[in-house]
Amino acid sequence: MHRTIEEIQLKSKKVVTGAANVYLVMVSFILIYIFNSVSVFAITLMMFSLLSLHSSGMDYLRLMKLPALFIIPALMVIAFITPGEELFWIFTEEGVNLAFKTFFRTYASLSIMVYLITTTSVPEILFALKKLRLPEFVVEMMSLIYRTIQIFLDELIRLERSADSRLGFSGKKNMLKTSALLAHSMFVKSMERAEKLNMAMESRCYSGKIPEPSSSSSGVGYVLLVVTVIAASGVIL
Amino acid sequence: MIELRDVWFSYNDREVLKGVSMEVRKEEVVILLGRNGAGKSTLLMHLNGLLRPEKGEVIVNGNPVRYDRKSLTKLRRLVGFVFQNPDDQIVAPTVWQDVVFGPENTGTRDDEKIREILRNLGLEGYENRLCNSLSGGEKKRVAIAGVLAMEPEYVVMDEPTAGVDGVGMKEIAFIVRELREEGKGMIISTHDLDFAKAVGDRFLILDGGMIIYNDAWIDYSLAERCGIRTWMSEGEVVLVPHDSCLPDGDFDFVAVMGRSAKERLEKEGIEPDINTAGMERAFLRAIGGARVMLVCSRSMMDVVRREAATYPVRLRLYEREVDEYEREGVHNRGGSGRSGAHHAERTEGH
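Residues numbered from 1 in each chain as written. Chains lettered and ligands numbered in written order. Predicted model: local features only at pLDDT ≥ 70, side-chain atom pairs only at ≥ 80, totals over all residues. Heavy atoms only, no water.

Draft legend 1. Inspection of the overall build of chain A at higher detail. Helix and strand counts for chain A stand at 10 helices and 2 strands. For chain A, the α and β elements follow one another from N to C terminus as α-α-α-α-α-β-β-α-α-α-α-α. Radius of gyration (C-alpha) of chain A: 23 Å, far over the 18 Å computed for a compact globule of 237 residues. Each principal axis of the C-alpha distribution contributes one length, and for chain A these read about 65 × 50 × 30 Å. Across the 237 residues that make up chain A, the buried fraction comes to 41%. Put simply, 74% of the contacts in chain A that link residues at least 6 apart link residues at least 24 apart. Summed over its atoms, the accessible surface of chain A is roughly 13500 Å², and 70% of this surface lies on carbon and sulfur atoms. Computing the positive centroid from 23 side-chain charges and the negative centroid from 18, chain A places the two 7 Å apart. (Helix = DSSP H or I, 4+ residues; strand = E, 2+ residues; numbered from the N terminus. Rg over C-alpha atoms; globule rule 2.2 N^0.38 Å. Buried < 20%, exposed > 50% of the residue type's maximum accessible area, 1.4 Å probe, protein only. Contact = heavy atoms within 4.5 Å. Areas by Shrake-Rupley, 256 points an atom, 1.4 Å probe, with all protein chains shown as cover. Lys, Arg positive; Asp, Glu negative; His and termini not counted. Charge placed at Lys NZ, Arg CZ, Asp CG, Glu CD.)

Draft legend 2. Structural view of the interface of chain A and chain B. Counting residues at the interface gives 33 residues for chain A and 38 residues for chain B. Here chain A meets chain B over a buried area of about 3100 Å², counting both sides, of which 56% is carbon and sulfur. Among the residues of chain A in contact with chain B, Arg 147, Arg 204 and Pro 211 of chain A are the three that bury the most area, contributing 26% of the side total. The shortest N-O distance in the salt bridge between Arg 69 of chain B and Glu 202 of chain A comes to 3.5 Å. (Buried area = accessible area lost by both parts, 1.4 Å probe. Salt bridge = Lys/Arg side-chain N within 4 Å of Asp/Glu carboxyl O.)

Draft legend 3. Representation of the sheet that holds strand β1 (residues 2-11) of chain B in the model. Residue and element names in this part refer to chain B. If you trace the 4 strands from one edge of the open sheet to the other, you get β2-β1-β4-β5, paired in antiparallel fashion. Sheet topology places β2 (14-24) and β5 (63-64) at the edges, where each strand pairs with a single neighbour. When β1 meets β2, the two strands line up antiparallel, connected through 8 bridges. Directly across from Trp 8, in β2, lies its bridge partner Lys 18. (Pairing = 2+ DSSP bridges.)

Draft legend 4. Here's a closer look at the domain arrangement of chain A. Once the domains are mapped, chain A shows domain 1 (5-121 + 216-236) and domain 2 (134-203). One C-alpha centre belongs to domain 1 of chain A, the other to domain 2 of chain A, and the line joining them spans 34 Å. (Domains from an automatic or database assignment.)

Draft legend 5. Region of the structure containing a nonpolar patch on the surface. Residue and element names in this part refer to chain A. Judged by side-chain polarity, Val 77, Phe 80, Ile 81, Leu 87, Phe 88, Trp 89 and Ile 90 come together as a nonpolar surface patch covering roughly 760 Å² of accessible area. Among the elements of the structure, α5 (68-81) and β1 (86-88) are those that each provide at least two residues to the nonpolar patch. In terms of residues, the nonpolar patch owes the most to one element, α5, which gives 3 residues. Here Ile 90 shows up in the loop between β1 and β2 (91-92). (Patch = residues over 30% accessible without salt bridge, like charges linked within 9 Å, V, L, I, M, F, W, Y side chains within 5 Å.)

Draft legend 6. Helix α4 (residues 95-106) of chain B, seen in detail. Residue and element names in this part refer to chain B. Most of α4 is tucked away, with 11 of its 12 residues classed as buried. Taken together, the buried positions of α4 are Val 95, Trp 96, Gln 97, Asp 98, Val 99, Val 100, Phe 101, Gly 102, Pro 103, Asn 105 and Thr 106. Phi for Gly 107, located one or two positions after α4, is positive at around 75°.

Draft legend 7. Spatial organisation of the pattern of salt bridges. On inspection of all chains with the given rule, the structure shows 32 salt bridges over all chains. In this structure, the salt-bridge partner of Lys 139 of chain B is Asp 87 of chain B, at a minimum N-O distance of 3.3 Å. With a gap of 52 residues between them, Lys 139 of chain B in helix α6 (residues 136-148) and Asp 87 of chain B in helix α3 (residues 86-89) connect regions that are remote in the sequence. Overlapping salt bridges, with partners in common, bring together Glu 155, Arg 158, Lys 189, Arg 193 and Lys 196 of chain A together with Asp 88 of chain B in one network.

Draft legend 8. Main features of the domain arrangement of chain B. All names here are of chain B. The domain architecture assigned to chain B consists of domain 1 (2-221) and domain 2 (236-348). Centre-to-centre, using C-alpha coordinates, domain 1 lies 44 Å away from domain 2. Listed by partner, the interface residues are 6 residues for domain 1 and 9 residues for domain 2. For the pairing of domain 1 and domain 2, the buried interface totals around 440 Å² over both sides, and the portion due to carbon and sulfur atoms is 59%. The largest per-residue losses of area from domain 1 upon contact with domain 2 belong to Asp 219, Tyr 220 and Ser 221, which jointly make up 84% of the total buried on that side. On inspection of domain 1 and its partner domain 2, the count reaches 0 residue pairs in polar contact (both at pLDDT 80 or more). Looking at the side of domain 1 that touches domain 2 residue by residue, the class counts come to 3 nonpolar, 1 polar and 2 charged. (Polar contact = N/O pair within 3.5 Å; in protein donor to acceptor, adjacent residues only side chain to side chain. Nonpolar A, V, L, I, M, F, W, Y, C, P; charged D, E, K, R; others polar.)

Draft legend 9. Local environment of helix α8 (residues 136-165) of chain A. Counted at 1.5 Å a residue, the expected span for α8 of chain A with its 30 residues is 44 Å, and the 44 Å between its end C-alpha atoms agrees. Buried residues along α8 of chain A sit in contact with α1 (5-11), α7 (122-131) and α9 (172-203) of chain A together with α3 and α6 of chain B. (Expected span 1.5 Å × (residues − 1).)

Draft legend 10. Structural detail: the pairing of strand β3 (residues 29-33) of chain B. All names here are of chain B. For β3, the tally of buried residues reaches 5 of 5 residues, placing the bulk of the element in the interior. In β3, alternate side chains face the same way, and those of Val 29, Ile 31 and Leu 33 on one face and Val 30 and Leu 32 on the other are all buried. As defined by bridge partners, β3 adjoins strand β8 (residues 185-190) across 5 bridges and the pair is classed as parallel. Residue pairing across strands places Val 30 opposite Ile 187, the latter belonging to β8.

Draft legend 11. Quick peek at the sheet that holds β3 of chain B. Residue and element names in this part refer to chain B. Read across the sheet, 6 strands follow the order β6-β7-β8-β3-β9-β10 without closing on themselves; strand pairing throughout is mixed. Edge positions in the sheet fall to β6 (79-82) and β10 (210-215), since each has one partner strand and no second. For this sheet, the mean angle separating the axes of adjacent strands, direction not counted, is 20°. Two strands pair when backbone bridges link them, and β6 and strand β7 (residues 154-158) are joined in this way by 4 bridges, in the parallel orientation. Looking across to β7, one finds that Gly 80 is bridged to Val 155. Contacts from helix α2 (residues 69-78) reach β6 and β7, with the element oriented near 70° to β6. (Axes fitted to C-alpha atoms, helices over the stretch in contact; angles between N-to-C directions.)

Draft legend 12. Just a negative patch on the surface, in detail. All names here are of chain B. Together, Glu 27, Asp 110, Glu 112, Glu 116, Glu 151, Glu 178, Glu 181 and Glu 182 line one region of the surface with negative charge. For the negative patch, the elements supplying multiple residues, two or more each, are α5 (111-120) and α7 (166-181). Looking at the element boundaries, Glu 116 is found in helix α5. You can call Glu 116 partly exposed: its relative accessible area is 35%.

Printed below as a string of structure tokens:
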């Protein structure tokens, strides 16, 4: 059975933690945007793949595999529609070059994103952004939304299991009816939940402050190493 | 001390609390018992200012509660509230963020103290865990930690053992005892009599919107009738004083206690199954599911009643005067001689 992203985050062996991880990802994105060359993309892909394989193992490959379903057809289209000198069959030389570059750019970006989501929790990302002057109310709202999504997801899984155990999804007609019922139940529960959330916050003297996660930044050495390698590859190659 | 004086509350037309008066002192654990829908949660929410009584007042440390924002903040720092469902209470995504939530908002955050609370509740190392990845028992402990981090003088817990296994229940009982040792006053609603007896100093029963019982002890029969979860057994002890008629019916065992009772059974020609340690062995058999007739000297009736309250055993008193007809020698066991007899049969605790 597949693990959820949150389970992967929990179990991952992180070499960089906390806000430093978020900043590493942001700087890396900026660097690949500035240098815009296949060699930089390839080195970035390699660096982040190594980091991710170390931290989350096979889960990294599983997550990288999923977008291939739409990236590869898109690359084929690029290779086909780009005008230029014909290379073989319907593909042009310019098209193949562009598809090649797009492939590396896409996978370099993906590797950075997958690295981020497999090693960093949403609260850590939010509070790293808060340090970069993201307004406090946005962080507060996003934290509450994230917590609410966690609760609703659990609730939805329970409802779905309950419906499934009573053959609620047997046949298309039943599936539609059950889905409508579940949507209704979720709506009612969301209203109840909003009331309870308000009570819970009131009972603990809520005054507009959502605390930061406790994780501190570590692995700054790795951040410097990765950033230096990407930047150097951009300058030299 | 927290005091409730003649508190009334209703949801629309439905009256839930009808003049509730009670008090909770520091270093005391008060257990609030009652069936589902009795109004336990509603009552508890008044203590933290989450609900405002329609009539009556709530007094904390001698000061009547006021419902402006500043007074409520002060009240909620004094009286912490642990919700029944931890998912209702946990508002932040990670354990640390949730536990720190209250102190951060009141400006009383002390990270060392919070780490100590997490350590005491077995949550050390969980700081960065996402709350939705925790088990039910862990979530419960996070909810308790979130309240304790505010360092309240009183803690209100709404059914802390709901959905918790035996190990979890023992952990919560341990936490409650520790808090009492620290001098906190606690009021806990529960359906669980085992838990209640393990931690409670005083027991209240809320029924029909009123406190119908308030004492330092509670027996199983009363708890059972008030819809409280107790040891489930079909067995019972039918307690018969030695000078009463003996009851009809099938008994798995006949036990005897006291000289007068032994003489009575000899006179009736009944050989008791349990001759020695009659009360204890009768209780054990009843707990095991058997129906036991315990014939007892009248002078020892109170002892049996008192002891029965401390065991998960159903005790029924059967008392019937022996009329003249029976005294003339007609065997009184098996249905004869019923007319004219004064008959008293009741389950203990009524």
